[in-house]
Amino acid sequence: MLLLYLLFFFSTGLDWINAYEVGDCGIRHKSSITDVGSSEYNGFPWHAALYRMDNSSKYEYICGASIIDTHLILTNAHCVFDEELQDLDNRKMVIAIGKTNSSWEHRSLHEQRFEVTRKELVPTYRGMLGRLQDDIALLRLNETIKFSNIVMPVCIDWEGLYEPFDGEVGTLAGWSLDEKGVLSEELNIYQIQQLNYSDCFKNAKKGFASYLTSDKYCGINKDNNPPRQGSTGGGLVFSKAQGVKGARCFIKGLLSGRVEDRENNYNYIITNISDHVPWLKSILDPTMSETNVSKESAGHNGIKPYEIEDCSRVPSKDNEFPWHVALYKTANSSKYEYICGGSIINTNVVLTAAHCVFDEGLGDVDSTRMVIVVGKKNSSWEHRDVQEQRFEVISKILRPTYRGTTTRYQDDIALLVLNDTITFSTTAMPVCIDWEGFYEPNDGEVGTIIGWGINEKGVLRDELKISKMQKHNLRECRNNVTKSYGSYLTSDKFCAVNETSNTVELGYAGGGLVFSRDLEKGARHFLKGIVSGRERGNDIVLFTNITNHIPWLKRTVITIITENSDKKNYKNHS
């Protein structure tokens, strides 16, 4: 074996071992891999193996994992979670990198071994009880990884600018158990093609679809070498051209498991990294190295989510909440009835709750005609305020994973595209969005919300009411609601309680909870939550957490802006 290594070194030169440069990530050493099947040395320099000590004090292989920084490893939460105790697995765990043989006893030539000193999970992870929602974990190592051309981090798309499309093929590395339950010695390479989520959900066998949680997407194996048990935890990567630096591999998923469809075929369920970038940032920002090699952008197309510097500046006396809008739809009598509130986030884009524009009976987007009114004080459709602007809703965009009450209002967020451009002024302007996820309200912090409530007789109030809401600890909220309602506290929710006598009522749905933050340009109001629901007789209000949906929002808003720009250019050239 030593002779083979020596021959390889002499044939390629020794420089490739240490040819790592600060800023490098996701580079595969082309001359030492095959495309499908077993991997030769250095095929996936970010791939790692996770082991734990069993009862006999020997190390057993658990899962694959991926290097993302000098002392941080990314893997699945289920790999480090004790289902019985519903808590972290506290047995001793170690990480091996630069490994070609799965056996703990076998030391590869450039192998590095580390102890796991800390495990970070999303607080809402509940294992199988939560159908593997939020199946992602960060592991901290006791020492710094030595990077080289054969050991380097995978790239992460921190800006959410690159998302694999349906049908695109990614690559996964892993050691798998064979039919006899024996772990393969050689690292295998698998080609996984992304499937359309809706098709995968509809075709899943009864009992399996519930594992296709909102942070998952589906994939199928594209060769005769399907990944088996043992490959979970490994990163699904997609190659993206990076100009002069060449192609880089970006980790876009973690293999969580597989589901069976109605034709008895297996579809793989992948935890979507993009959905967890805000959480990753909140954990990593204080600890990432200054020369963070994995923060290489996927490439920016020059379009920002919006370029308005005066979002939610000091409110005017005419309208203290200039971003708040009213959403109406036509009833059977062709008259307009009030549905929900919403918030302006761009010149022709409004943010609201998905349940406001979703037809539960059909399980699809509500097809009735809808209108947005900006600068409105009186809830009555017949009453026109002086600064009022009215727009038709030409497009309603929901997350594909939204299923209403079926999924307990998970992903209760929607974007509405208007037929014309809002004229901004002191009475009509967008609310600020924390696109980078740098500011998160603390438990106990007080935010503000506005809305037209519905009184005890079921009648919509004419005047807007302002309510102060204090953000509460999620665990305390779970303890203070009924068990059935507690199931609506999905992983993308937070809760708050009223600080004033003006309680949040039914008509507030879709409205935005904002928190003030002082910046160099003065105080700004940041939208951090959308009213999703409230248990009858309880002051606890559930909010869809905007931070959880920033990657999706950014991608979608950029697409809308691009399409608008293309339409304008087309008109100008016509």
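**As for the state of the cysteines**
Then comes step 1: Going through the model one piece at a time under the given rule, you end up with 6 disulfides.
Then comes step 2: Here cysteine 340 pairs with cysteine 356 through a disulfide, and the sulfurs are 2.1 Å apart. Across the S-S bond linking cysteine 340 and cysteine 356, the dihedral sits near -90°, which makes this disulfide left-handed. One end of the pair, cysteine 340, is in strand 17 (residues 336-346); the other, cysteine 356, is in the loop between strand 18 (349-352) and strand 19 (358-359), and 16 residues separate them in sequence. The residues cysteine 340 and cysteine 356 share a single accessibility class, namely buried.
Then comes step 3: If one numbers only the bonded cysteines of the protein, in the order they occur, the disulfide pattern is 1-4, 2-3, 5-6, 7-10, 8-9, 11-12.
Then comes step 4: Free cysteine cysteine 249: the closest other cysteine sulfur is in cysteine 155, separated by 7.7 Å.

**So, the packing of aromatic side chains**
Then comes step 1: Within this structure, the stated rule accounts for 18 aromatic pairs.
Then comes step 2: Seen from their ring centres, tyrosine 439 and phenylalanine 526 are 6.2 Å apart, and the 70° between their planes marks the pair as edge-to-face. Here the residue tyrosine 439 occupies a position in the loop between strand 23 (414-418) and strand 24 (446-451), and phenylalanine 526 occupies one in strand 28 (residues 522-534), the gap between them amounting to 87 residues. Side by side, tyrosine 439 and phenylalanine 526 carry an identical accessibility label, which is buried.
Then comes step 3: Members of the aromatic cluster, joined through ring pairs, are Tyr51, Tyr59, Tyr61, Trp104 and Trp175.

**Focus: the pattern of salt bridges**
When the charged atoms of two side chains with opposite charge come close together, those side chains can pair.
Then comes step 1: Tallied over the full model, the rule gives 21 salt bridges.
Then comes step 2: Between aspartate 24 and arginine 248 there is a salt bridge, with the nearest N and O atoms lying 3.6 Å from each other. Separated by 224 residues along the polypeptide, aspartate 24 in the loop between helix 1 (2-12) and strand 1 (37-38) and arginine 248 in strand 14 (residues 247-260) bring together distant segments of the chain. Each member of the pair, aspartate 24 together with arginine 248, is buried.
Then comes step 3: A salt bridge links lysine 216 to aspartate 215; its shortest N-O distance comes to 3.0 Å. Each member of the pair, lysine 216 as well as aspartate 215, carries the same accessibility label: buried.
Then comes step 4: Among the charged side chains, a salt-bridge network with shared partners connects Arg52, Glu60, Asp89 and Arg91.

**What to know about the sheet that holds strand 3 (residues 59-69)**
Hydrogen bonds between backbone atoms are what pair the strands of a sheet, whose relative direction is either parallel or antiparallel.
Then comes step 1: Taken together, 6 strands build a closed barrel; the order of strands is 2-3-4-9-8-7 and the barrel is antiparallel. Neighbour-to-neighbour, the strand axes of this sheet turn through a mean angle of 45°, independent of strand direction.
Then comes step 2: Lying on the sheet, helix 3 (residues 277-284) is in contact with strand 3, strand 4 (72-75), strand 8 (112-121) and strand 9 (137-141); it crosses strand 9 at an angle near 25°.

**With respect to the nonpolar core**
Then comes step 1: Core analysis: the biggest nonpolar cluster contains 58 residues, and Leu50, Leu74, Ile95, Ile145 and Leu280 have the highest contact counts within it.
Then comes step 2: At the level of secondary structure, the elements contributing two or more residues to this core comprise strand 2 (47-53), strand 3, strand 4, strand 7 (93-97), strand 8, strand 9, strand 14 and helix 3.
Then comes step 3: Here this core gets 7 residues from one element, more than from any other, and that element is strand 3.
Then comes step 4: Residues contacting isoleucine 95, with those up to four places away along its chain left out, are Ala48, Ala49, Leu50, Ala65, Ile73, Gln112, Arg113, Phe114, Val116, Leu139 and Leu141.

**Here's the deal with the pairing of strand 2**
Then comes step 1: Within strand 2, 6 of the 7 residues are buried, which leaves it mostly tucked inside the rest of the structure.
Then comes step 2: Of the pairings in the sheet, the one linking strand 2 to strand 3 comprises 7 bridges and is antiparallel in character. Residue pairing in the sheet places leucine 50 in a bridge with cysteine 63 of strand 3.
Then comes step 3: The hairpin formed by strand 2 and strand 3 contains 5 residues between the paired strands, and serine 57 there has a positive phi angle of roughly 65°.
Then comes step 4: Sheet analysis places strand 2 next to strand 7, joined by 5 bridges and oriented antiparallel. Among the inter-strand pairings, arginine 52 is bridged to a residue of strand 7, identified as methionine 93.

**Here's the deal with the confidence of the model for the protein**
Then comes step 1: Averaged over all residues, the pLDDT of the protein is 82; the fraction at 70 or higher stands at 83%.
Then comes step 2: Counting contacts from residues 1-16, a segment whose pLDDT is below 50, to residues more than four positions away or on other chains yields 14 contacts.
Then comes step 3: Across residues 290-308, confidence stays below pLDDT 50; counting only partners more than four residues off in sequence or on other chains, it has 61 contacts.

**Describing the side chain of threonine 544**
Then comes step 1: Mapping threonine 544 onto the fold places it in strand 29 (residues 540-545).
Then comes step 2: Threonine 544 gets classed as buried once you look at its relative accessible area, which sits at 0%.

**Considerations on unusual backbone geometry**
Then comes step 1: Positive phi, normally seen in glycine, also occurs at aspartate 134, with a value near 65°.
Then comes step 2: With respect to the helices, strands and loops of the structure, aspartate 134 is situated in the loop between strand 8 and strand 9.
Then comes step 3: Looking at aspartate 134, the relative accessible area reads 4%, which means it is buried.

**As for the pairing of strand 10 (residues 169-174)**
Along any regular strand, the residues point their side chains to alternate faces of the sheet.
Then comes step 1: The element strand 10 is extensively covered by neighbouring structure, given that 5 of its 6 residues are classed as buried.
Then comes step 2: For strand 10 and strand 11 (residues 188-195), the ladder comprises 6 bridges, and the chain directions are antiparallel. Within the sheet, the bridge partner assigned to alanine 173 lies in strand 11 and is isoleucine 189.

**Topic: the environment of threonine 271**
Then comes step 1: Following the sequence through the fold, threonine 271 ends up in strand 15 (residues 266-272).
Then comes step 2: The exposure class assigned to threonine 271 is buried, which follows from its relative accessible area of 0%.
Then comes step 3: Taking the C-alpha atoms as reference, threonine 271 lies 9.1 Å from serine 214; in sequence the two are 57 residues apart.
Then comes step 4: Those residues within four positions of threonine 271 in sequence are excluded, and the remaining contacts are Asn76, Asp135, Asp215, Lys216, Lys252, Gly253, Leu254, Ser256 and His276.
Then comes step 5: Among the polar contacts listed, one links the side chain of threonine 271 to the side chain of serine 256, at a separation of 2.6 Å.

Parameters and conventions
- Each chain carries its own residue numbering, running from 1 in the written order of its sequence.
- Reporting in this predicted model follows two pLDDT cut-offs: at least 70 for local features of residues, and 80 or more for side-chain atom pairs to be given and counted; totals over whole chains, interfaces and linings ignore these cut-offs and use all residues.
- Values reported for side chains reflect all heavy atoms of the structure, with hydrogen atoms and water molecules removed beforehand.
- Only a pair of cysteine sulfur atoms within 2.5 Å counts as a disulfide in this structure description.
- Put simply, DSSP marks the helices as runs of H or I at least four residues long and the strands as runs of E at least two long, and each gets a number from the N terminus on.
- Burial classes follow relative accessibility: with a 1.4 Å probe on protein chains only, a residue under 20% of its type's maximum area counts as buried, one over 50% as exposed, and anything between as partly exposed.
- Only the six-membered ring of Trp is used, alongside the rings of Phe and Tyr, when aromatic pairs are assigned; centres must lie within 6.5 Å, and planes under 30 degrees apart are stacked while those over 60 apart are edge-to-face, with the rest tilted.
- We define a salt bridge as a contact between a side-chain nitrogen of Lys or Arg and a carboxyl oxygen of Asp or Glu at a distance within 4 Å.
- Note: two strands are recorded as paired if DSSP finds a minimum of 2 bridges between them.
- Fitting a line to C-alpha atoms yields each axis, with helices limited to the stretch in contact; the angle taken between N-to-C directions then spans 0 to 180 degrees.
- Residue contacts are defined here by distance: any two heavy atoms, one from each residue, within 4.5 Å place the two residues in contact.
- We define a nonpolar core as any set of buried Ala, Val, Leu, Ile, Met, Phe, Trp, Tyr and Cys residues linked to one another through side-chain atoms lying within 4.5 Å.
- Per-residue confidence from the prediction method is given by pLDDT, with values spanning 0 to 100.
- Distance and chemistry together define a polar contact, namely a pair of N or O atoms within 3.5 Å, with one atom able to donate a hydrogen and the other to accept it when in protein, and with adjacent residues in sequence counting only for side-chain atoms on both sides.

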